[in-house]
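# Per-entry structural report
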Amino acid sequence: NSLGVACRADNERHLPSAPTPTQGLTSPLKLRLPSSVLVVQDAASQISSQGPESVSAGGSEHKFWDRENMALFAAVGGSRALDYSSTLNMRRRGRQEVFLTNEIVDNHPAFAAIEAGGTAISIGASYLFHRYHHHRLEHWTSIVHASLTTAGAVRNYGLKTAHP
C-alpha cells in the first residue's frame, strides 16, 4: 500500500479495523444517566434549537426588539427630547449650560444630534447586554438613562430665570 506512512511500530501500512456498532442498543452512557439529567438535556436541546438570540438569564425568552424594550427605548427617546426642550428653555431664560458649552446648545441641529446620539448609544449598550445575556442590565440601562435624563429636564424647568 503506497498511500501513507507506516502508522504502527512494526511498519505495517494499514489501520486496525474499527469496531462495528451494535444495532438496537442506545448509547451506554445514556442508559446510566438518571432521569433528571435526561430532562435537563431535553430542556437544553429545546433552548439551543430556538437559538441564542432569544434566551435570557431567567430562563424565559425574549427578542431584543420586544414590547418591553420598545417601551424602554421610547422612554429614553422621550426623556432626551424633554431634556432638549428644557435645556433650550433654560438658555432662553438666561441660564448657562453646565455639561456642554453654550455654543453647542445654541447650535440647535448640533444639540439635537447629540441628544439623538445619546439615545442611540443607550440602545447600543442595551443590545450589548442583551447579546451577552445580561438581560437585567439590558433593561436597567434604559431605566436609569430615562430616569436621570427626566430628572435633569425637571431640574432645568425648575430653575429660576437669570436676571441681568
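Please refer to the structure higher up on the page.
Presented here is an overview of the structure given in this document. Residue numbering note: each chain is counted from 1, following its sequence as written. For a predicted model such as this one, the threshold for reporting local features is a pLDDT of at least 70, and the threshold for listing and counting side-chain atom pairs is 80 or more; totals across whole chains, interfaces and linings nevertheless cover every residue. The side-chain numbers reported here are obtained from all heavy atoms of the structure, hydrogens and water having been left aside.

## A few points about a nonpolar patch on the surface
- Taken together, Trp-140, Ile-143, Val-144 and Leu-148 make up a surface patch of nonpolar side chains, about 390 Å² in accessible area.
- Here Val-144 shows up in helix α6 (residues 135-158). Like-charged residues within 9 Å of one another, or nonpolar side chains (Val, Leu, Ile, Met, Phe, Trp, Tyr) within 5 Å, are grouped into patches, provided each residue has over 30% relative accessible area and no salt bridge. Using the Shrake-Rupley algorithm and a 1.4 Å probe, accessible areas are obtained, with residue cover drawn only from the displayed protein chains. We define a salt bridge as a side-chain nitrogen of Lys or Arg found within 4 Å of a carboxyl oxygen belonging to Asp or Glu. Numbered from the N terminus, helices here are DSSP runs of H or I no shorter than four residues, and strands are runs of E no shorter than two.

## Brief notes about unusual backbone geometry
- Of note in the backbone geometry, His-133 takes a positive phi value of approximately 60 degrees without being a glycine.
- Turning to its location among the elements, His-133 is positioned in the loop between α5 (108-131) and α6.

## Considerations on the side chain of Glu-97
- Its place among the elements puts Glu-97 in the loop between α3 (67-92) and α4 (102-106).
- When a residue's accessible area, from a 1.4 Å probe over protein chains only, is under 20% of the maximum for its type it is buried; when over 50% it is exposed; and in between it is partly exposed. When charges are counted, neither His nor the chain ends are considered; positive counts come from Lys and Arg and negative counts from Asp and Glu. Of the side chains bearing the opposite charge, Arg-91 lies closest to the buried Glu-97, which forms no salt bridge; the N-O distance is 6.9 Å.
- In contact with Glu-97, not counting residues within four places along its chain, are Thr-87, Met-90, Arg-91, Asn-102 and Val-105. What makes two residues a contact is simply this: any of their non-hydrogen atoms within 4.5 Å.

## Describing the pattern of salt bridges
- In this structure the tally under the stated criterion is two salt bridges.
- Linking Arg-80 and Glu-115 is a salt bridge whose minimum nitrogen-to-oxygen distance equals 2.6 Å. Residue Arg-80 is located in helix α3, and its partner Glu-115 is located in helix α5; the two are separated by 35 residues in the primary sequence.
- Measuring nitrogen to oxygen at the nearest pair gives 2.8 Å for the salt bridge that ties Arg-91 to Asp-106. Of this pair, Arg-91 sits in helix α3 while Asp-106 is found in helix α4, placing the two residues 15 residues apart along the sequence.
- Classification of Arg-91 by relative accessible area gives buried; the value is 18%.
- For Asp-106, a relative accessible area of 40% translates into the label partly exposed.

The quantities given are spatial measurements derived from coordinates; they are silent on function.
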